[in-house]
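# Observations on the model geometry
Spelled out from the first residue to the last, the chains are:
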Amino acid sequence: MPRNPRNSEEPRNCCSMLKNSLASLLLIAAAACARQPAPATVPPAPVAQSVRDADSFANTDAVRVTHLALDLDVDFAKKQLAGTATLDLDNFGRTSWLVLDSRDLTIRSVKLDDGTAATFAIGESKPAHGAPLTIGIKPTTRQVTIAYVTSPDAPALQWLEPEQTSGKKSPFLLSQSESILARSWVPIQDTPSVRFTYDATVRVPKDLLALMSAENPMQRNATGVYTFRMTNPIPSYLLAIAVGDIEFRALGPNSGVYAEPSVVDAAAREFSDLPKMITATEELYGPYRWGRYDALVLPPSFPFGGMENPRLTFLTPTIIAGDKSLVSVVTHELAHSWSGNLVTNATWNDFWLNEGFTTYIEQRIVEKLYGTQFADMQWELARTGIRKEFQTSEPRSQWLKLDLAGGDPDDAPSATVYDKGSLFLRKIEETVGREAFDRFLRSYFDTFAFQPMTTERFLEYLRANLLSNVPGAEQKIDVNAWVYGPGIPPNEPVIQSAAFTRVEEQSKRFLAGGPASAIDASAWSTQEWVHFIQSLPSTLGAARAAELDRTFHLSDRRNFEVLEAWLEKAIENEYWGADAAIERFVLAQGRARYVRPIYQKLMATEHGRAFIARVYPVARPGYHPIVQAMLDKIVNPGDAKAAQ
Ligand code: BES
Ligand code: ZN
């Protein structure tokens, strides 16, 4: 693969990056840029070498991190991690610069492998991207050791007070590195196109357990010193750490669940199908390559439903519904062990390769374990979600291949990448047949295991290995319309849930004026309830919403999925009898997908804005920094504009 000569000669943004740096560094930079000859032979190119990741400052076209060794003290009082990161380098470009990503890190020193102190400078900072950390190295340098401290406001880290945990006795630390937050706790090439192995030594208060996305110690020890090892190369966004009063329950020989002591038994019951899920996925897509698969249930401020940290999926406790009705979040995170963790989106513009594939596989596992009726309901809920979102979203954001154009990649998650992405794969399956598609996907994961993947490369592989063998498939699918166009193409797969059709009949009767008491919901599942609630219009009116609430006690539901759908509808209809329930809901958990639409809808009404003025200041400290930033923009739109 030809190298881009411009990139191999100079670090990314060479000149702009150094604008604010030390004068001495500038001199060295000029010398280095001028001095560096083009290498005589081109080394074997890593797959994504020609891919430019606009969300990283790293000069990965000249040098790559191959291994990370962390040595960290976890200080709850100071809310900081302090220690060293030692990076092994493959300096194939023989560059004199190592540019890393960093965000709010204090760098104490940098040493080269020959023991000398290295020159370094932190460049200009951008809001979501942090700042380049440029280190002067030698063409022969194989290792650098960076001593550093994180900021108490590091956006990847949430430091919970004991009161914010369910045990109320011990503090808790949790990380969230995806998309580009790893750089706020580790100075690293923070791009999904680079992979490295890692090990870590972590010191924590003696009564707490530390866990990472790695081989885990599994049990507390008296010293408070824990060591970790990840022997498969991973991208930086899969670095993860959690520290707290955590216990373990085995679910199978190779899987189990961690959680706070008061939660761990309920978690073990809810996720008891995990071993079956692993087997089902292996049957479809080949061996699970990460050794153990454990899940960690976090305190309710965890900002996501789940996060696929390798060997240690992070989960929100809000999916412990008591009836396994929300376990598809676990099948989703497990599926990422193939789509995402094994074959990884090369840039965040290719995010659908992670999330669309995973949503499709999630559905296949759900179908295998819980049947087509359940899967059909989930497909239809997703389809409703796309329809709703595409009414207001920008057409360009509806292409599977995104153009984040230097914005915050945390804006990438959307119905496009998850649901249009999975629908596209379902369209391919429908066109070529399930058997051929399953065989194709399995070989895709085998062929590209532990490699980054771009949309273009995937399409090339798809055409060469699948579509070209099935006459007319390319035309029937209309690949380009799905990937490089807005909306859902007219050839979309037909999705229909018979159970939902029955729910709609009941909802029609109610909307035609029938009493709530005539609705026969006695056997409705979580999904049927959500569908019913979503079928109600925003013009229902407060009185009829109140009638539903009196009849079915919707504001008192414990199932978070039903409750969230209901509270959105209550707000849309200005049914303020739900006020107390809304307050409980936003104080009880901080999952972005739940709190964001609630605050958004509240902001649209005067009553809602007054509610926010009262409740948000109380709720905010309990949210993860990512969610705080997201909600600040919603509740103070003026401030966000002013800060730009
Ligand atoms: N990898 C995502 C979470 C994520 C996406 C974190 C983008 C940061 C940036 C995870 O696998 C995910 O998709 N979680 C979903 C659950 C899923 C069942 C749709 C969530 O948290 O809602
Ligand atoms: Zn996902």
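Residues numbered from 1 in each chain as written. Chains lettered and ligands numbered in written order. Predicted model: local features only at pLDDT ≥ 70, side-chain atom pairs only at ≥ 80, totals over all residues. Heavy atoms only, no water.

### Considering the sheet that holds strand β6 (residues 131–136)
Two strands in a sheet stick together by hydrogen bonds in their backbones, pointing the same way (parallel) or opposite ways (antiparallel). Selection criterion: By this definition, two strands are paired if DSSP reports at least two bridges between them. Secondary structure elements follow DSSP: runs of H or I no shorter than four residues count as helices, runs of E no shorter than two count as strands, and numbering proceeds from the N terminus. To get an axis, fit a line to the C-alpha atoms, keeping to the stretch in contact for a helix; angles then go from 0 to 180 degrees between the N-to-C directions.
Read from one edge to the other, the open sheet built from 3 strands follows the order β3-β6-β5, with strand pairing classed as antiparallel. The open sheet has two edge strands with one neighbour each: β3 (97–102) and β5 (120–122). Each strand of the sheet is rotated relative to its neighbour by a mean of 20°, with strand direction disregarded. Bridge analysis of β5 against β6 gives 3 bridges, and the strand direction is antiparallel. Bridge pairing links A121 to T134 in β6.

### Digging into the environment of T106
To be explicit about the condition: When checking whether two residues touch, look at their non-hydrogen atoms; a contact exists if any pair is within 4.5 Å.
Structurally, T106 is set in strand β4 (residues 106–112). When the C-alpha positions of T106 and I135 are compared, they lie 14 Å apart, and in sequence the two are 29 residues distant. Those residues in contact with T106 that lie beyond four places of it in its chain are A147, Y148 and V149.

### Structural notes on the site of ligand 1
Test applied: Consider each residue's heavy atoms; a residue with any of them within 4 Å of a molecule or strand counts as near. Under the rule applied, a polar contact is a pair of N or O atoms within 3.5 Å (in protein, one hydrogen donor and one hydrogen acceptor; residues adjacent in sequence only if both atoms are side-chain atoms). Here the open area of atoms and residues is found with the Shrake-Rupley method and a 1.4 Å probe, where only the protein chains shown may cover a residue.
The local shell around ligand 1 holds 18 residues, among which E178, G305, E308, E333 and Y418 are the closest. For ligand 1, a nitrogen atom lies 2.7 Å from a polar atom in the side chain of E178. Backbone polar atom of G305 to an oxygen atom of ligand 1: 2.5 Å apart, as the coordinates give it. Surface burial for ligand 1 is 90%, taken as the share of its 520 Å² of free accessible area covered by protein chains. Looking at the shell around ligand 1, the elements with two or more residues in it are β17 (306–307) and α6 (328–335). The greatest single-element share of the shell around ligand 1, amounting to 3 residues, is contributed by α6.

### Some remarks on the coordination of the zinc ion (ligand 2)
Short version of the rule: Distances decide who is a donor: an N, O or S atom must be within 2.8 Å of the metal, or within 3.2 Å for Na, K and Ca. Water is not included, so sites may look incomplete. Under the classification used here, a metal with four donors is tetrahedral if each angle lies between 85 and 135 degrees, square planar if opposite donors are over 155 degrees apart and the others between 65 and 115, a six-donor metal meeting that same test is octahedral, and anything else is irregular. Relative accessibility under 20% of the residue-type maximum defines a buried residue, over 50% an exposed one, and the middle range a partly exposed one, all with a 1.4 Å probe and only protein chains included.
Coordination sphere of the zinc ion (ligand 2), protein contribution only: H332 (NE2), H336 (NE2), E355 (OE) and E355 (OE), at 1.9 to 2.8 Å. For the zinc ion (ligand 2), the 6 donor atoms in the first shell make angles of 52 to 161° at the metal, a pattern classed as irregular. Overall, the relative accessible area of 2% leaves E355 in the buried class.

### Let's talk about the sheet that holds strand β7 (residues 143–149)
Across the sheet, which stays open at both edges, the 6 strands sit in the order β4-β7-β2-β1-β10-β12 with mixed pairing between neighbours. At either margin of the open sheet sits one strand with a lone partner, and together these are β4 and β12 (225–234). Taken pair by pair, the neighbouring strands of this sheet meet at an average axis angle of 15°, ignoring direction. Where β4 lies against β7, 6 bridges are found, and the strand directions are antiparallel. Paired with V110 across the two strands is I146, which belongs to β7.

### Some remarks on the packing of helix α9 (residues 415–432) against helix α10 (residues 434–447)
To be explicit about the condition: An angle below 35 degrees is read as roughly parallel, one above 145 as roughly antiparallel, one from 65 to 115 as roughly perpendicular, and any other as oblique. Basically, the charged four are Asp, Glu, Lys and Arg, the nonpolar ten are Ala, Val, Leu, Ile, Met, Phe, Trp, Tyr, Cys and Pro, and anything else, Gly included, counts as polar.
Running from N to C, α9 and α10 cross one another at 125°; their axes reach a closest spacing of 6 Å. The orientation of α9 relative to α10 falls into the category oblique. Of the residues in α10, those in contact with L425, I428, E429 and V432 of α9 are R434, A436 and F437. Looking at the contact of α9 with α10 residue by residue, the classes come out as 5 nonpolar, no polar and 2 charged.

### Here's the deal with unusual backbone geometry
The step from E178 to S179 runs through a cis peptide bond, and the omega angle for that step is 0°. Among the secondary structure elements, S179 is positioned in the loop between β9 (172–175) and β10 (196–203). Even without a glycine there, the phi angle at F450 is positive, about 65°. Following the sequence through the fold, F450 ends up in the loop between α10 and β20 (451–453). According to the relative accessible area criterion, F450 is partly exposed, its value standing at 22%. Within the chain, E574 stands out as a residue other than glycine whose phi angle is a positive 50°. Along the chain, the position of E574 falls in the loop between α17 (560–572) and α18 (579–588). The partly exposed category is assigned to E574, whose relative accessible area is 41%.

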